[in-house]
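A look at the structure
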Amino acid sequence: MILQDYDKLIFEISQDGHTGYDMPKSEVEEYDLTAEVGQYARKEDARLPEVSELQILRHYTALSNRNFGIESGPYPLGSCTMKYNPKINEDVAALDGFANIHPSQDPDTVQGALEVMYELQESLREIAKMDACTLQPAAGAHGELAAILAFKAYFEEIGEAEQRKVILIPDSAHGTNPATAVVAGFDTLEIPSTPEGIIDVEAVRAVVGPDTAGIMITQPSTAGLFERDAKEIVDIIHEAGGLCYMDGANMNAIMGVTAPGLLGFDAMHYNLHKTMSGPHGGGGPGSGAICVNDKLAKYLPGPNVVKNGDKFEFEMPSDSFGRVKGHFGNFGVNVRALTYIRAYGPKGIKQVAEDAVLNANYIRARVKDHFDAPFDNYNMNDFVLSLTRQKKENNVNAKDVGKRLLDYGIHAPTTYFPLIVEECLMVEPTETESKSDLDFVADIFIKIAEEIETDPELVRTAPHNTPVKRLDEAGAARKPLLTYWAALEAGKAE
Amino acid sequence: MSNFRYLPNTDQDRKAMLETIGAASIDEIYKDVPESARVQGDLEIPEALSEYELTKYMGGLAAKNTTASQKPFFLGAGIYDHHIPSIVNHVIMRQEFLTAYVPYQPEVSQGELQALFEWQSMVAELTGMDLANSGLYDGYNAVAEAANLAIGHVKKSSKVLVSKGLHPQAQETVATYAFGRDYEAESVELDGDVTDLEDLKAKLSDDVAAVIVQYPNFFGSVEDLAAVKELLEDTKTLLIVSSNPLALGKLEKPSEFGADIVVGDVQPFGIPMSFGGPHCGYLAVTSKLMRKIPSRIVGQTVDEDGKRGFVMTLSTREQHIRREKATSNYSSNQALYALASSIAMTAYGKQGIKDLAQANINNTHYLAKALQDQGFEVLNKKPFFNEFVVKLGKDIREVNKALHEKGFVGGFDASEAFGEDNVYLLCATEKRTKAEMDEFVAALVEVAK
């Protein structure tokens, strides 16, 4: 990775009169809207940067050199499934027939787009072994919200909405799960994990009752474990009259092996930008398609695509609670997801899961004697390590190890998550890492374990080879500088 | 086992790895999956395709669609057919931007973080607000997040008032979020092509957290923001304004009229229509709402050596989230498309954005005038930006079918939104030539009079 020293803001290279754009020639008369709108005419120009085309490209190329992508090196960021993003996905999504169509066109003129949506809905339904699918949610957390709102619509219809107010959430859940439940108008109740790192069935049994709306389970869990009692927990919730949601962030470990529908869940979401090769885009766009069983199908957001003979049509589910965003979801991401699924087919999709799990277990096996690896079990697509011992003995913590990995050209794992493991590193190599790259990652982990013993200061002060060193995050939050204009006023920009 | 082009492991590798793990087989690793929940046989999805076959298959689906590059395009309604500067795609396809995750490790994510900081600065500048977050799913969703923000901020509030001049899908999204958080989203009627101020006045009360209007509104008309704000004086009610950011190249900043939250979608800047997504919502606020803002925000700071750098800040998400007190469950922005629109805005620059807005104004008003000259009634009473509504004599679905046959993509059926039959919403961006517009008018005379 080339890491340049360029540190100018685009506004700082702006020069009066420069431009990177020209307009098509105007063939019609100039219309003076300004005179017509009075006080609604803009008085001061918006100070957008003035930069010519090559300067713009140099600026962003320099920025990109200060950024780490999947092709830069191993990216074992747990729970995020940083797999290779096939280049053909980008070519396909950019095709004129997908990029330059409008969602309000007559469906007869965009049958190919509806067919993409239909085929993807069908494939996702089959992989999840569920009955219905919507592609509308834009991200995983957005899918969670859509599914929990479907729970709410269901309880309203059966007249139990007032009574069923509590969603159970394991303490190893993604942070978005409780936030989602609250945004959907529910209260949350935390369920503890057992010492083995899985959900405590008895704890669930002890709290369910007439107020239980449901449970949200991440399967496999954020601790990297298959929740082996999931089926029993689902039965307990169903018997109490509640509904069961599966957070599918880790679907990459189980596709073709097992499925939420087979485990008895009523609803689940995919992170298509993770499992179906995204890409992540630096934090979006994602796509959070959800699948549900027959009980919930009619409440889904929409419209979704149905097939009538040879024709594809939009249809709103009969008792839909509404829409969660504009139009049909992040169509461009969904095009990529279908392209990915078709590249693999049924055997390939299962092989993805098996190799993802194999790769994660392999790294864990190689490094487990050098770190504390809680939970004595095989893991799924990610696994966790704890730095508790090194923190006590050498004053080196999980964050330090993450930063030291950056020095070796490896992206840090997820740190301090799940919350049930102290000083936690969560590692997910994904199936697209070769054995030699896995060995490279494992070797570096072991090397850092040695450095912690021999030169803890080196690790504690890492990173040393990155464009900037550790940043003052507390200062950033205390006196926020959130725009160039604020920084300029504070004398901290030119 | 078959080979798949994205999977590097060979059978030999797999065997060696299983040995290191100490497992006899992959099935042993999956031992906790109950037998009764195993997928039996192969998944019933179509067989794998080679790269060439895949190109043909997906290309075949794409070829079934009528696109904006094939036929002159007069459809807008919140998503617009603008020219995208060539450099935009070249930059966002750089793998360092395209494939990175959320910038959790700022030391190796300065490129992304700085790009988002610059984007926030541009959005703040266009809207006139103190600050902006780093992006939301889309403009419709941004309105709903703004409504939730207001409900959380204004004490003892239980309602938002939503103008019927707001994009219908934004109205629907607000209704969904209101269903979630158990508050009321009440509509404010139209007076012709703009919000009915009398109706708004009548519906205001102590429990109203916010009034939501669109500027220019769904029908292209410039709403009287100052008059709306005047009604909110001496109340705690916030003013939420949804704006097409391109219009703000020529129209006064919503901040000048007391907007507390400005939202919208930057799709007009360098983002393809893509059948409705992915696009990128924005949300800008006054500084008093800084710590209430959903999703991520990037701030400037320094590193240990005092060097300027950028970090995600005021963070309320994921690990840090105050779980049970959350007011938003946002976990991603649309970073790649915030970047795309930054590049486009930079390409336009200070002069270009005015020129681009003006070109849209010129074409749209030429089209409106040409239709009026042919005897069509334009329904906008107020000044409009790059869209307007016109009354047709026939069913719009039929009109659009006939236009398609004549080689055009016609406008949007706004009858329901406007509350009157056969109301047609038209848009003419900078891409439309005079000849295209003249031919379109002639075609419309033939099929719709």
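The notes below deal with the structure included here. Since the model is a prediction, treat every value here as computed from it, not as a measurement.

With 213 residues of chain A in contact, the opposing surface of chain B contributes 194 residues. For the pair chain A and chain B, the two sides together bury roughly 17700 Å², of which 61% comes from carbon and sulfur. For chain A, the biggest contributors to the area lost against chain B are A:Tyr40, A:Arg42 and A:Leu482; these three give 5% of the whole. With its nearest N and O atoms 2.7 Å apart, the salt bridge here joins A:Asp106 to B:Lys401. On the surface where chain A and chain B come into contact, there are 101 residue pairs in polar contact (both at pLDDT 80 or more). Here the side of chain A that touches chain B gets 29 residues from one element, more than from any other, and that element is helix α12 (residues 331-367) of chain A. Within the side of chain A that touches chain B, the residues separate by chemical class into 104 nonpolar, 58 polar and 51 charged.

What follows is about helix α5 (residues 111-128) of chain A. Since one α-helical turn is 3.6 residues long, residues separated by three or four positions face the same way. Residue and element names in this part refer to chain A. Over its 18 residues, α5 runs 26 Å from end to end, which matches the ideal 26 Å to within 8%, given 1.5 Å per residue. For α5, the tally of buried residues reaches 16 of 18 residues, placing the bulk of the element in the interior. After α5 finishes, the residue Lys129 shows a positive phi value of roughly 55 degrees.

Right, let's talk about unusual backbone geometry for a bit. Residues and elements named next belong to chain A. For the bond from Gly302 to Pro303, the omega torsion is 5 degrees, close enough to zero to count as cis. Backbone torsion omega between Ala462 and Pro463 reads 0 degrees, so that peptide bond is classified as cis. If you trace the backbone, Pro463 turns up in the loop between α16 (456-460) and α17 (473-478). Non-glycine residue Lys129 carries a positive phi angle of around 55 degrees. Mapped onto the elements, Lys129 comes out in the loop between α5 and β1 (132-134). Lys129 gets classed as partly exposed once you look at its relative accessible area, which sits at 27%.

Our next topic: the pairing of strand β3 (residues 187-191) of chain A. Residue and element names in this part refer to chain A. Pairing geometry for strand β2 (residues 166-170) and β3, over five bridges, is parallel. Note that in β3 the partner of Pro170 across the bridge is Ile191. One crossover worth recording links β2 to the parallel β3 by way of helix α7 (residues 176-183), and it is right-handed.

Parameters and conventions
Residues numbered from 1 in each chain as written. Chains lettered and ligands numbered in written order. Predicted model: local features only at pLDDT ≥ 70, side-chain atom pairs only at ≥ 80, totals over all residues. Heavy atoms only, no water. Contact = heavy atoms within 4.5 Å. Buried area = accessible area lost by both parts, 1.4 Å probe. Salt bridge = Lys/Arg side-chain N within 4 Å of Asp/Glu carboxyl O. Polar contact = N/O pair within 3.5 Å; in protein donor to acceptor, adjacent residues only side chain to side chain. Helix = DSSP H or I, 4+ residues; strand = E, 2+ residues; numbered from the N terminus. Nonpolar A, V, L, I, M, F, W, Y, C, P; charged D, E, K, R; others polar. Expected span 1.5 Å × (residues − 1). Buried < 20%, exposed > 50% of the residue type's maximum accessible area, 1.4 Å probe, protein only. Pairing = 2+ DSSP bridges. Right-handed = clockwise from strand over helix to strand, strands pointing away.

Just distances and angles here, no functional claims.
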